[in-house]
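# Descriptive analysis of the structure
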Amino acid sequence: MRIVSVLLSVLLLAGCGKADPTEKHQKSRDRIVDVSDRIREIDLGDGILIGAMPRLFVMDDCLLILDPRSWDNLLHAVDKKTFAPLRSGIRRGRGPGELVNPGGLIIDGARHRFLIPDYGKQAIYAFPLDEFLHRPDCQPQAAMQMQTAAFPADSYFIDDDHLMGILIEPVGTNSFRESLARWSLTDAEITPMPYEHPQIERRRIDFAVSVEKGLYAEVYHHHDLMTIGRLDGTLCCNVYGPRWDATPSNAVLHYGKPLFCGDRIIVSYSGRANDSAESAPTTMLLFDLEGNYLESWETGRRISDFCLDAENRRLILALDDAVQFAALDLRGLVDPA
């Protein structure tokens, strides 16, 4: 009996040792931190009017606010420290320097410029930041023509020529497919990222990149799943939350936007009905770079977008709320460096 017991223990330990380190199932995320008292309203003054669902980007000393639904100025630049307005510009239209249907900004910090895809003109345009700020008549340059069969959405530079982003491919007449891909500005060659989760049929995703860490984090709007991978496309791990289910459905909004913050990953999370007026995320989940859950930040605010202001150690929030913009102090919570 003693020998049998020892053998069973050895087999049990061997079985435990075979657990796949790339598959992480988290049954609870109950370490709640109330951060609502760390949030401070940002007042942009009366001179800037911005519509619903703006997009936020930090570049050099500026906070860039994209207002994609505006019929007037599509982009506003403010001082990221004081939030004093610097310039508003770029009009909607088909004329020179105008955009028909803008996508999210692509920050090219090495060349001090930002790029904006225009899905109406099927091109990506480059705007030098200094010229945008100081020359109202500046004209962007076409950096890349987009394909009609598949075109990029949100993107990040991963080296001087290549970007990584969400590739949108129309499927039939009423649907589309989202996936991650890399492409070159020089020749517009698109290379799909080699890993996709095998159980997800209908992909609606967001993602973030850390060139410094050599990692990307991909999250799913309608599945409780985050995938962490290396920039060469190899899988680090899949992180399954308590409500993981591979069934195709858009009934629940799970993840919003992820970003890398030092050696942490911050992701906005809802968990509420997708068609509800209260569906916007109010919670932020904090993970380490291996996908281990650390804690949940409860903001008490409906978050539509956010970006990292590492220099001032805070997140800048766009809110679906009576207060449109706010800042979340990260000191004592996480080191942005």
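This structure is a prediction, so every number in the text was calculated from the model and none was measured.

### Considerations on the nonpolar core
If you look at the biggest cluster of nonpolar residues, it comprises 31 residues, and the most contacted ones within it are Leu115, Met144, Met164, Ile166, Leu180, Val209 and Tyr216. Elements with a contribution of two residues or more to this core: strand S10 (123-128), strand S12 (151-157), strand S13 (162-171), strand S14 (175-184), strand S16 (205-210) and strand S17 (215-220). At five residues, S13 tops the list of elements feeding residues into this core. Ignoring anything within four residues of it in the chain, the contact list for Val209 reads Tyr156, Ile158, Met164, Leu215, Tyr216, Leu231 and Phe260. Counting residues in hydrophobic clusters, the runner-up holds 20 residues, among them Cys261, Met284, Phe306 and Val323.

### A look at the pairing of strand S19 (residues 235-240)
Here three bridges tie strand S1 (residues 23-25) to S19, and the two strands are oriented parallel to one another. Directly across from His25, in S19, lies its bridge partner Tyr240. Adjacent in sequence and paired antiparallel, strand S18 (residues 225-230) and S19 are bridged by four residues, among which Gly233 carries a positive phi angle near 95°.

### Some details on the packing of aromatic side chains
The final tally for this structure, using the stated rule, is seven aromatic pairs. Aromatic pair Phe114 and Phe127: ring centres 5.3 Å apart, planes at 10°, arrangement stacked. Of this pair, Phe114 sits in strand S9 (residues 113-118) while Phe127 is found in strand S10, placing the two residues 13 residues apart along the sequence. For the pair formed by Phe114 and Phe127, the shared burial category is buried. Residues Phe287 and Tyr293 carry aromatic rings whose centres are separated by 6.3 Å and whose planes lie at 70° to one another, so their mutual orientation is edge-to-face.

### Section: the pairing of strand S4 (residues 55-59)
Bridge count between S4 and strand S5 (residues 62-66): five bridges; the pairing is antiparallel. Within S5, the position partnered with Phe57 by the bridge is Leu64. Between the end of S4 and the start of S5, which pair antiparallel, lie two residues, with Asp60 showing a positive phi angle near 50°.

### A word on the pattern of salt bridges
Under the counting rule described, the total for this entry stands at 19 salt bridges. The shortest N-O distance in the salt bridge between Arg55 and Asp154 comes to 3.1 Å. Taken as a pair, Arg55 in strand S4 and Asp154 in strand S12 lie far apart in primary sequence, 99 residues in all. By relative accessible area, Arg55 is classed as partly exposed at 22%. Residue Lys80 pairs with Glu311 through a salt bridge whose shortest N-O separation is 3.0 Å. With Lys80 in the loop between strand S6 (73-79) and strand S7 (85-91) and Glu311 in the loop between strand S24 (303-309) and strand S25 (314-319), the pair connects residues that are 231 residues apart, well separated along the chain. Within the structure, one salt-bridge network assembled from shared partners comprises Arg55, Asp154, Lys257 and Asp305.

Conventions we followed
Residues numbered from 1 in each chain as written. Predicted model: local features only at pLDDT ≥ 70, side-chain atom pairs only at ≥ 80, totals over all residues. Heavy atoms only, no water. Core = buried A, V, L, I, M, F, W, Y, C linked by side-chain atoms within 4.5 Å. Buried < 20%, exposed > 50% of the residue type's maximum accessible area, 1.4 Å probe, protein only. Helix = DSSP H or I, 4+ residues; strand = E, 2+ residues; numbered from the N terminus. Contact = heavy atoms within 4.5 Å. Pairing = 2+ DSSP bridges. Phe/Tyr/Trp six-rings, centres within 6.5 Å; stacked < 30°, edge-to-face > 60°. Salt bridge = Lys/Arg side-chain N within 4 Å of Asp/Glu carboxyl O.

Keep in mind these values describe shape, not function.
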